[in-house]
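Listed here are the chains, written in short residue letters.
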Amino acid sequence: MINSTISEVFKLEPLPYPANALEPFIDQKTMEIHHDKHHGSYITNLNNAIVESNIDMEGKTLLHLFKNMGKYSSAIRNNAGGHYNHDFFWKQLTPKSAKEPAGNLAAAIRKKFGSFDAFKMLFEKEGLLRFGSGWTWLVIDDGNLKIGSTPNQDNPLMDIADFKGYPVLGIDVWEHAYYLKYQNRRAEYLSNIWNVINWSVVEKRFDRY
Ligand code: MN3
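Residue positions within a chain follow its written sequence, with the count starting from 1. With pLDDT at 70 or above as the cut-off, local features in this predicted model cover only qualifying residues; side-chain atom pairs require 80 or more to be listed or tallied, and sums for whole chains, interfaces and linings still use all residues. Heavy atoms from the whole structure form the basis of all side-chain values; hydrogens and water molecules are not counted.

Here's the deal with the overall build of the protein chain
Piece 1. Secondary structure elements are defined from DSSP: runs of H or I of at least 4 residues count as helices, runs of E of at least 2 residues count as strands, and each element is numbered from the N terminus. From N to C terminus, the protein chain includes 8 helices and 3 strands.
Piece 2. For the protein chain, the α and β elements follow one another from N to C terminus as α-α-α-α-α-β-β-β-α-α-α.
Piece 3. Both definitions apply: the radius of gyration is a C-alpha atom measure, and the globule rule equals 2.2 Å times residues to the power 0.38. The globule rule puts the C-alpha radius of gyration for 209 residues at 17 Å, and the 17 Å found for the protein chain is close to it.
Piece 4. Summarising its shape, the C-alpha atoms of the protein chain cover approximately 50 × 40 × 30 Å along the three principal directions.
Piece 5. Counting all 209 residues of the protein chain, 48% fall into the buried class.
Piece 6. Contacts in the protein chain between residues far apart in sequence, at least 24 positions, make up 69% of those at least 6 positions apart.
Piece 7. Total accessible area on the protein chain is roughly 10300 Å²; 50% of this is exposed by carbon and sulfur atoms.
Piece 8. Lys and Arg are tallied as positive, Asp and Glu as negative. Neither His nor the chain termini are counted. Charge coordinates come from a single atom per side chain, which is NZ of Lys, CZ of Arg, CG of Asp or CD of Glu. Where the 24 positive side-chain charges of the protein chain centre and where its 24 negative ones centre are 3 Å apart. A simple rule labels every residue: compare its accessible area, found with a 1.4 Å probe on the protein chains alone, to the largest value its type can have, and call it buried under 20%, exposed over 50%, or partly exposed in between. We call two residues contacting when some pair of their heavy atoms lies within 4.5 Å. Surface exposure here means Shrake-Rupley accessible area, sampled with a 1.4 Å probe, where a residue is shielded only by the protein chains that are shown.

A closer look at the confidence of the model for the protein chain
Piece 1. On average, residues of the protein chain score 95 in pLDDT, and 96% of them are at 70 or above.
Piece 2. As a per-residue measure, pLDDT tells how confident the predictor is, with possible values from 0 to 100. Low pLDDT, under 50, characterises residues 1-5; the predicted model gives this stretch 6 contacts beyond four residues in sequence or across chains.

Some remarks on the coordination of the manganese ion
Geometrically, a metal with four donors at the corners of a regular tetrahedron has ideal angles of 109.5 degrees, and one with six donors at the corners of a regular octahedron has ideal angles of 90 or 180 degrees.
Piece 1. Listed donors are limited to N, O and S atoms within 2.8 Å of the metal, widened to 3.2 Å for Na, K and Ca; water is not among them, so incomplete-looking sites are possible. The coordination sphere of the manganese ion contains the protein donors His-34 (NE2), His-86 (NE2), Asp-172 (OD) and His-176 (NE2), at a distance range of 1.9 to 2.1 Å.
Piece 2. One chain supplies every donor for the manganese ion, spaced along it as H-x51-H-x85-D-x3-H. The burial state of Asp-172 is the same as that of His-176; both residues are buried.

Brief notes about helix 1 (residues 28-52)
Helical geometry note: an α-helix holds 3.6 residues per turn, so side chains three or four residues apart project in the same direction.
Piece 1. With 25 residues, helix 1 extends 35 Å between its outermost C-alpha atoms, agreeing within 8% with the 36 Å of an ideal straight helix rising 1.5 Å per residue.
Piece 2. Of all bends in helix 1, the biggest is about 30 degrees, found at His-34.
Piece 3. Contacts from the buried residues of helix 1 go to helix 2 (62-67), helix 3 (74-91), strand 3 (166-172) and helix 6 (179-182).
Piece 4. Just past helix 1, the residue Asn-54 takes up positive phi, approximately 55 degrees. Here, expected helix span is obtained from the residue count minus one, scaled by 1.5 Å. Two axes enter the definition of the bend at a residue: one is fitted to the seven residues ending there, the other to the seven starting there, and the bend is the angle between them.

Some thoughts on the sheet that holds strand 1 (residues 134-141)
Piece 1. Pairing is antiparallel in the open sheet, where 3 strands are placed in the order 2-1-3. Edge positions in the open sheet fall to strand 2 (144-151) and strand 3, since each of these has one partner strand only. The average angle at which neighbouring strand axes cross in this sheet is 20 degrees, direction not considered.
Piece 2. In this scheme, strands are said to pair when DSSP sees at least two bridges between them. Sheet analysis places strand 1 next to strand 2, joined by 8 bridges and oriented antiparallel. Counted as the bridge partner of Ile-140 is Leu-145 from strand 2. Simply put, an axis is a line fit to the C-alpha atoms, just over the touching stretch for a helix, and the angle between two N-to-C directions goes from 0 to 180 degrees.

Quick look at the structure:
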């Protein structure tokens, strides 16, 4: 049962590496503002919206909200998505990237897209096609790998998403993710992001599916 005296349902976890660890590909200032301010605000606003909407979160995860998102307000949609997506994003980045996937995921990518390079090209293209703010995803849907994108803070787990599936890789293409270093050059941000992907995290997501 929701207790209105509980002011924190969700909390901001620290980054799993120092804020400057992903330089030169993602700069320290961007990481600090993006994590502390943007992600922090999504969590504060989500906790407030849960109380205001009187949603019973006892024993429930964000997945419960995503499966029923059609019933909730845009504040819940934007901020629950914002919290989940950013948590997902930080955890799949690392300064010690293997630069390409291995194991089952590597084999599945080759089978579906022909090669890892062909996959990267399609993924970057999808990221450029997303007009305005949103996310680009690699998902598994019914056993198939698919590339797609969602607007704003939507994600493929939401019942109302126009692109659905189980996410294994998700890249933030909001300007706040790259503007300080790359300004309008989203293509350059996307081509550089491969230098900091934690493929072992992405592989584990794939293998868990
Ligand atoms: Mn963001």
